[in-house]
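Architecture and fold: a report
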Amino acid sequence: MLRLMPLILLASCGSIDGQFPSLERRAYENNDAITAPITPPAAPVSMSVELRAQVDALLARHKIAHAAYLERLDAVRSEALRAAGSAPGNEAWVNAHVILSRLDKIRDDSVAAVRAFDSLIADANAGDSGLAALLTDAQKPVVDDVAVQNDEIRRLSRLIGE
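Residues numbered from 1 in each chain as written. Predicted model: local features only at pLDDT ≥ 70, side-chain atom pairs only at ≥ 80, totals over all residues. Heavy atoms only, no water.

Here the focus is the confidence of the model for the chain. Looking at the chain as a whole, the pLDDT averages 85, with 78% of positions reaching at least 70. Averaged pLDDT values over the elements of the chain bottom out at 65 in helix α1 (residues 5–12) and peak at 95 in helix α2 (residues 49–83). (pLDDT = per-residue confidence, 0-100. Helix = DSSP H or I, 4+ residues; strand = E, 2+ residues; numbered from the N terminus.)

A pair of packed helices is characterised by two quantities: the angle between their axes and the separation of those axes. Running from N to C, helix α3 (residues 91–106) and helix α5 (residues 129–160) cross one another at 170 degrees; their axes reach a closest spacing of 10 Å. The angle between the axes of α3 and α5 places the two elements in the roughly antiparallel class. Across the interface between the two elements, Trp93, Ala96, His97, Leu100, Leu103 and Asp104 from α3 touch Ile153, Leu156, Ser157 and Ile160 from α5. Along the lines of polarity and charge, the residues of the contact of α3 with α5 split into 7 nonpolar, 2 polar and 1 charged. (Axes fitted to C-alpha atoms, helices over the stretch in contact; angles between N-to-C directions. Parallel < 35°, antiparallel > 145°, perpendicular 65-115°, else oblique. Contact = heavy atoms within 4.5 Å. Nonpolar A, V, L, I, M, F, W, Y, C, P; charged D, E, K, R; others polar.)

The interhelical angle for the contact between α2 and α3, taken along N-to-C directions, is 165 degrees, at an axis separation of 9 Å. As the angle between them shows, α2 and α3 are arranged roughly antiparallel. Here α2 and α3 pass one another in a crossing that is left-handed. Judged by residue contacts, Ala65, Ala68, Tyr69, Arg72, Leu73, Ala75, Val76, Glu79, Ala80, Arg82 and Ala83 of α2 engage Ala92, Trp93, Asn95, Ala96, Ile99, Leu100, Leu103 and Ile106 from α3. For the contact of α2 with α3, the residue count by class is 15 nonpolar, 1 polar and 3 charged. (Left-handed = near helix turned anticlockwise from the far one by under 90°.)

Counting residues in each nonpolar core, the largest one holds 16 residues, and the members touching the most others are Met47, Leu51, Val55, Phe117, Leu131, Leu135 and Val142. Elements supplying a minimum of two residues to this core: α2, α4 (108–127) and α5. Apart from residues no more than four positions distant in its own chain, Met47 is found in contact with Arg52, Val55, Leu131, Leu134 and Leu135. (Core = buried A, V, L, I, M, F, W, Y, C linked by side-chain atoms within 4.5 Å. Buried < 20%, exposed > 50% of the residue type's maximum accessible area, 1.4 Å probe, protein only.)

In the structure shown here, the tally under the stated rule is 10 salt bridges. A salt bridge links Lys140 to Asp144; its shortest N-O distance comes to 2.9 Å. Of this pair, Lys140 and Asp144 both sit in helix α5, 4 residues apart, roughly one helical turn. Lys140 sits in the partly exposed class, given a relative accessible area of 47%. Judged by relative accessible area, Asp144 falls into the partly exposed class, the value being 35%. For Arg155, the salt bridge identified is with Glu152, shortest N-O distance 2.8 Å. Of the two residues, Arg155 and Glu152 are both situated in helix α5; the distance of 3 residues between them amounts to about one turn of the helix. The partly exposed category is assigned to Arg155, whose relative accessible area is 36%. (Salt bridge = Lys/Arg side-chain N within 4 Å of Asp/Glu carboxyl O.)

In this model, α2 (35 residues) spans 50 Å end to end at C-alpha, consistent with the 51 Å of a helix rising 1.5 Å per residue. Maximal helix bending in α2 amounts to about 35 degrees, located at Leu73. For α2, every residue scored as buried is listed here: Leu51, Val55, Leu58, His62, Ala65, His66, Tyr69, Leu73, Val76, Glu79, Ala80 and Ala83. Residues of α2 that are buried make contact with α3, α4 and α5. At the exit of α2 stands Gly85, carrying a positive phi of roughly 80 degrees. (Expected span 1.5 Å × (residues − 1). Bend = angle between axes of the 7 residues up to and from the residue.)

Structural data, given as structure tokens:
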């Protein structure tokens, strides 16, 4: 029986019509290095003229608001230092809170620019992730500035006392 085993195995390689599988080496049987498939480079993503105009307008809006914020910041810091440790409701405390709230109001355009960018990014994500990445990069300096503004306003609010 053991002698018949090679013949049985050889017979199982055939088909009814007498066609046999090729005994040539297959591509994966070579010892060639495995390489990643070559993919064509992605087409560069760019913004339309209209979208670029929107982005530029948002960046300009933020730049103006941020400059106004920075211009008022030293005065607010001085007033907050004067009010630090004072009793809630006294004149220094009230004045410090009033100018701090004005400082917060001055940066409204920066915060609105972040929200507008978020909306543009959400719309782009629905259709083109490359465009969303471009918009996120454009938004980043605005988000960073707003985060610094938020931190400073919280710090000044704690200094004045709530």
